[in-house]
Amino acid sequence: MEELPDQLVDDLLDQLLDQALDQPDEARRRAQALLDADPDPRTRAYAAQALGIVLRDEGRSEEALAVLRQAVRWARSAGDPDRVRDVRATLGVALAWAGRPRAALRELEAARDGARGVLAAKIAMREAGVLALRGGQAAAVPLLRSALEALQGSGDTAWEARARIWLGYVLMQLGRVDQAEAEFAAAAGILEQAGAWIDRLSSLANLAEVALRRGDHALALRRYAETAQAYRAAGWPVRAEFVMEFASAYRTAGLAGEAVEMFHGYQGEIAPLEQAEFLAALAGALIDADQPAEAAEAARRAADLFRRQDRPWFQLRARLTAVRARLALEDRRGLAAEARSVAAQLHAQSAHEAPLALTVAGRLARGAARQTHWDQAASYRSHPNALVRAGAWQARALDREEAGDRGGVLRAAAAGLDAIDEHRRLIGSTELRALATAHGRDLGGVALRHAATDPRTLLRWSERIRATALAQAPATSDLTTIPEALAALRDNGRRLTEARQEGEPTDALERERLRLERAVRAESHTLSATLADEQRPIGVEELVAAVGDGCLVELVDVDGTLHVLLVHGGRVRRRVAGPTADVAALLAPAAMLLRRAARGRPADLAGLGARLQTAVLGDAVRLIPDGPVVLAPTARLHGLPWAILPALADRPFSIVPSAGQWLRATAAPRPPRRERRTVLVCGPGLATGGAEVPLLAERHPDAALLAGGDATLEPVLDRLDGADLVHLAAHGHFRADSPLFSSLDLADGPLTVHDLERVRRAPYRVVLSACESGVLAPVGAEELLGLASSLFSLGTAGLVSSVAEVNDAATAELMVGLHDALAAGESPATALHRVRRRAAGDPVAAGTAAAFVALGA
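Summarised in this report is the structure supplied together with it. Quantities reported herein were computed from a predicted structural model and do not represent experimental measurements. (Residues numbered from 1 in each chain as written. Predicted model: local features only at pLDDT ≥ 70, side-chain atom pairs only at ≥ 80, totals over all residues. Heavy atoms only, no water.)

Digging into the overall build of the protein chain
Thought 1: The helix and strand inventory of the protein chain stands at 39 helices and 16 strands.
Thought 2: Relative to the compact-globule value of 29 Å for 857 residues, the protein chain shows a C-alpha radius of gyration of 32 Å, a close match.
Thought 3: Projected onto its principal axes, the C-alpha coordinates of the protein chain cover approximately 105 × 65 × 45 Å.
Thought 4: Looking at the protein chain as shown, the accessible area adds up to about 34300 Å², and 49% of this sits on carbon and sulfur atoms. (Helix = DSSP H or I, 4+ residues; strand = E, 2+ residues; numbered from the N terminus. Rg over C-alpha atoms; globule rule 2.2 N^0.38 Å. Areas by Shrake-Rupley, 256 points an atom, 1.4 Å probe, with all protein chains shown as cover.)

This is the structure:
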């Protein structure tokens, strides 16, 4: 290189340093080749500096420090003060990554001494970065702004972009989200033009964090997913920092379990500086996943590492997680003082974590101190982030509860739930919308407690907090084409079924299924809401008028006690049934007895039915008038075999997630008579071969019949679109672990909830004759997910489906009678009542009939 002009040599060596940041493998090869050639000290200093950067970014801190110290010695030997300054600045950053921020700042301050122009700006930028890593964001801002000003006119666009990324990061930590977004976007544009892809990926991830700070989880997850895809496309390993950010997005979206899996699944290098951050982020995910013991240990270790690294800003947040974990574990020794200290410091920073910390401190405090903490938490009621506002309103509700102000409690709870609704309405994914309601579980609980003494108020609040996600139609990415992962998953399901039938190994197919399910879920989570219109909560007077002389029974869980609200004849009455746990204890025996009955074994359904009725309805059963009943149970009780309750056994009744959903179902328009279509679908592998379907086809000669190889996904979805009546005879599979993968078997694989959500116009009525086709999973706060709930959210008015195992032969006969009644103009509830009466003399038929429920209207 000595034969080249000095300026060209300098340019090539500067390119090597840039390459170390953006093309580390190539930079390592070039740097090592230069060192092996034993060049002059100045060139060796450049090469060692580039190699040190690569080692630093790989997390090999001690090796990086050794190489960089040698680079400093070579730079001194070359007699180049500016080269010494630049290498020392790189050494300072490496010291910070090694978890030694004080030594890093000393090195950077020494490097900046005497530096001028662009070099001084680059050193100042790195010094500001270390300050920010220690929690000194306010001190970092002026350094970064002055560095950016110098770099903007220098023509060094890569360093200008890096300064913008750091400035955006610091502004984000200070809560200046709009300013941060502007810096990240500008940096991304510069880096894309320069082809500096690694730094550009950092700016894209930062834009995802902007969306997360604003509460737009769908956009955040989409941006993180796009960044992860870009990493894969480039063949670069994902960095620990990115894993932490992506997992944080999953955690705040309500997917704490997935966040924990992401942390545990990371196999890459973690720099010493990042180890504390990694542990702190893991602790947050663990506590949200209800693993407080593991969370407490991870938070303690993180806080200790942050203390040793002299990073008090981060240590404070780890301490908050530790406080929350210890509170969950009932470990209260000295906890009140620790919570008070953490809350005071976060409040002094106006941190977005402050309302949570102050609320926890208030719970642990006594007397006037308690209300002081809650007052301070409530001061964040106008925060731009909806979830932070909701936390502030929760503190206000607790404060008003302490003061005995019932009206104040309910007003605060209403405002907090409004903030959560604002957050939820931006989400397109049905799963994430349902999970988002969990943010309001405590608010809803305190509201119900104070509403319970007045029947109408309790009814209004019960409706306010239940089945809200069903009132918003699901979002889909593209209705014209089936997503690749979803199509692959269905093919996997078909091959799994064939392998099981043939007795072949399925381990590889099961692994593929899990991978594809993760891909389908990840894609669905990135969808933004197509309609963000506010859903008006049902008014009590409107509901009472709609019920009229009919009867609505709504069950409400208030602090573990089941309250029964009965609406009839213009009145709302309330009775207390008993502990909710008493009903929960009967769920498993009920499922077992129905399974016995379906298999032709003796089953005392009447005895269990009487016990269930006492536990669920208590004395309120005497208030139920003759005639049809609409029942709105709590989410956890939705799957009860309601037909075995004596009060319901000989009357038409329907089950609804909420009274509001019932009103929407009754208002759903039926297709005009001339446009009414009936669709009959018969899936594979039924014991009876779908015996009812040919009989139903005779009764409906104009029906679209899809059976055998014709019963595949695309024609089935096409026929479902806007149909008047759909009968689906297919094996069903309820997935408690992931309810949106609950499915019906078709000829080309499973039809899942993800598939159903792609239907443009909901079928008016649907009959699902498969086992467990009506089972719904309770999630969030009083939300339900499953096959039936997806049809409700699309706009289906009524369904008939089962909540337990059924006998295939008995089901076939029952379905024919059901359709005869529907054809005569009866409602699903009345039609199902008719077939239950006919089955009364046959234990198997009666048990099968009892497993079916009418949902909706």
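Description of the sheet that holds strand β11 (residues 749–752)
Thought 1: Spatially, β9-β10-β11 is the arrangement adopted by the three strands of the open sheet, whose pairing is antiparallel. The sheet is open, and its two borders are formed by β9 (732–733) and β11, each paired with just one other strand.
Thought 2: Bridge analysis of β9 against strand β10 (residues 743–746) gives two bridges, and the strand direction is antiparallel. Paired with glycine 732 across the strands is leucine 744, a residue of β10. (Pairing = 2+ DSSP bridges.)

Brief notes about helix α22 (residues 406–424)
Thought 1: The terminal C-alpha atoms of α22 lie 27 Å apart, and with 19 residues this matches the ideal 27 Å at 1.5 Å per residue to within 8%.
Thought 2: Every buried residue of α22 is accounted for by Gly408, Val409, Leu410, Ala412, Ala413, Gly416, Leu417, Ala419, Ile420, Asp421, His423 and Arg424.
Thought 3: In this structure, the buried side of α22 is in contact with α12 (217–234), α21 (386–402), α23 (430–436), α24 (441–451) and α25 (455–465). (Expected span 1.5 Å × (residues − 1). Buried < 20%, exposed > 50% of the residue type's maximum accessible area, 1.4 Å probe, protein only. Contact = heavy atoms within 4.5 Å.)

Details of the environment of alanine 522
Thought 1: Along the chain, alanine 522 turns up in helix α27 (residues 507–525).
Thought 2: You can call alanine 522 partly exposed: its relative accessible area is 25%.
Thought 3: Separated by 232 residues in sequence, alanine 522 and histidine 754 place their C-alpha atoms 12 Å apart.

Details of the pairing of strand β3 (residues 571–579)
Thought 1: Alignment of strand β2 (residues 561–568) against β3, held across eight bridges, turns out to be antiparallel. Counterpart to valine 564 in the pairing with β3 is arginine 575.
Thought 2: If you look at the hairpin formed by β2 and β3, you'll find two residues sitting between the two strands, and glycine 569 has a positive phi there, around 60°.

Regarding a positive patch on the surface
Thought 1: A contiguous patch of positive charge on the surface is contributed by Arg69, Arg73, Arg100 and Arg106.
Thought 2: Summarising the element assignment, arginine 69 is placed in helix α4 (residues 61–77).
Thought 3: Its relative accessible area of 34% is what places arginine 69 among the partly exposed residues. (Patch = residues over 30% accessible without salt bridge, like charges linked within 9 Å, V, L, I, M, F, W, Y side chains within 5 Å. Salt bridge = Lys/Arg side-chain N within 4 Å of Asp/Glu carboxyl O. Lys, Arg positive; Asp, Glu negative; His and termini not counted. Charge placed at Lys NZ, Arg CZ, Asp CG, Glu CD.)

Considerations on helix α7 (residues 117–134)
Thought 1: Helix length check: α7, at 18 residues, gives a terminal C-alpha distance of 26 Å against a target of 26 Å (1.5 Å per residue), a fit within 8%.
Thought 2: With 15 of 18 residues buried, α7 is to be regarded as a mostly interior element.
Thought 3: Two residues or fewer after α7 comes glycine 135, characterised by a positive phi angle close to 100°.

Regarding the packing of aromatic side chains
Thought 1: Under the defined criterion, the tally for this structure stands at nine aromatic pairs.
Thought 2: When the centroid spacing of 5.4 Å and the interplanar angle of 20° are considered together, the rings of tyrosine 224 and phenylalanine 246 count as stacked. Taken together, the positions of tyrosine 224 in helix α12 and phenylalanine 246 in helix α13 (residues 240–252) put the pair 22 residues apart, joining distant regions of the chain.
Thought 3: The class for phenylalanine 246 is buried, based on a relative accessible area of 10%.
Thought 4: Each ring, one from phenylalanine 306 and one from phenylalanine 314, has its centre 5.6 Å from the other, and the planes form 25°; the classification is stacked.
Thought 5: Taking relative accessible area as the criterion, phenylalanine 314 reaches 12% and is therefore assigned buried.
Thought 6: Chaining the aromatic ring pairs together yields one cluster made of Tyr224, Phe242, Phe246 and Tyr250.
Thought 7: The ring of tryptophan 313 is capped by arginine 317, whose NZ or CZ atom sits 3.6 Å from the centre of that ring. (Phe/Tyr/Trp six-rings, centres within 6.5 Å; stacked < 30°, edge-to-face > 60°. Lys NZ or Arg CZ within 6 Å of the ring centre and 35° of its normal.)

Topic: the environment of valine 621
Thought 1: Relative to the helices and strands, valine 621 resides in the loop between α30 (605–616) and β4 (629–632).
Thought 2: Separated by 26 residues in the primary sequence, valine 621 and alanine 647 place their C-alpha atoms 7.1 Å from one another.
Thought 3: Discounting chain neighbours no more than four positions away, the residues touching valine 621 are Gln613 and Ala647.

A word on the nonpolar core
Thought 1: Ranked by size, the top nonpolar core spans 217 residues in total, and within it Val553, Leu555, Leu612, Trp642 and Leu818 carry the most contacts.
Thought 2: With ten residues, α7 is the single largest residue contributor to this core.
Thought 3: Among all residues touching leucine 612, those that are not within four sequence positions of it are Val583, Leu586, Ala590, Leu640, Ile644 and Leu645.
Thought 4: The next biggest cluster of nonpolar side chains, apart from the first, holds 36 residues, and it includes Val547, Leu565, Ala632 and Ala659. (Core = buried A, V, L, I, M, F, W, Y, C linked by side-chain atoms within 4.5 Å.)

Things to note about the pairing of β2
Thought 1: The buried fraction of β2 is high, at six of eight residues.
Thought 2: Counting the residues between successive antiparallel strands, the hairpin from strand β1 (residues 552–558) to β2 contains two residues, one of them, aspartate 559, with a positive phi of roughly 55°.

Some remarks on the pattern of salt bridges
Thought 1: Under the definition given, this model contains 48 salt bridges.
Thought 2: With its nearest N and O atoms 2.8 Å apart, the salt bridge here joins arginine 670 to aspartate 724. Within this pair, whereas arginine 670 is found in the loop between α32 (659–667) and β6 (678–682), its partner aspartate 724 is found in the loop between α34 (713–720) and β8 (725–729), the two being separated by 54 residues in sequence.

Some thoughts on the packing of α7 against helix α8 (residues 137–152)
Thought 1: Taken N-terminus to C-terminus, the directions of α7 and α8 make an angle of 155°; their axes are 8 Å apart at the nearest point. Between α7 and α8, the angle falls in the class roughly antiparallel. Like other packed secondary-structure pairs, α7 and α8 cross with a definite hand, here left-handed. Between α7, through Val118, Ala121, Lys122, Ala124, Met125, Glu127, Ala128, Leu131 and Ala132, and α8, the contact on the second element is made entirely by Gln137, Ala139, Ala140, Leu143, Leu144, Ala147, Ala150 and Leu151. (Axes fitted to C-alpha atoms, helices over the stretch in contact; angles between N-to-C directions. Parallel < 35°, antiparallel > 145°, perpendicular 65-115°, else oblique. Left-handed = near helix turned anticlockwise from the far one by under 90°.)

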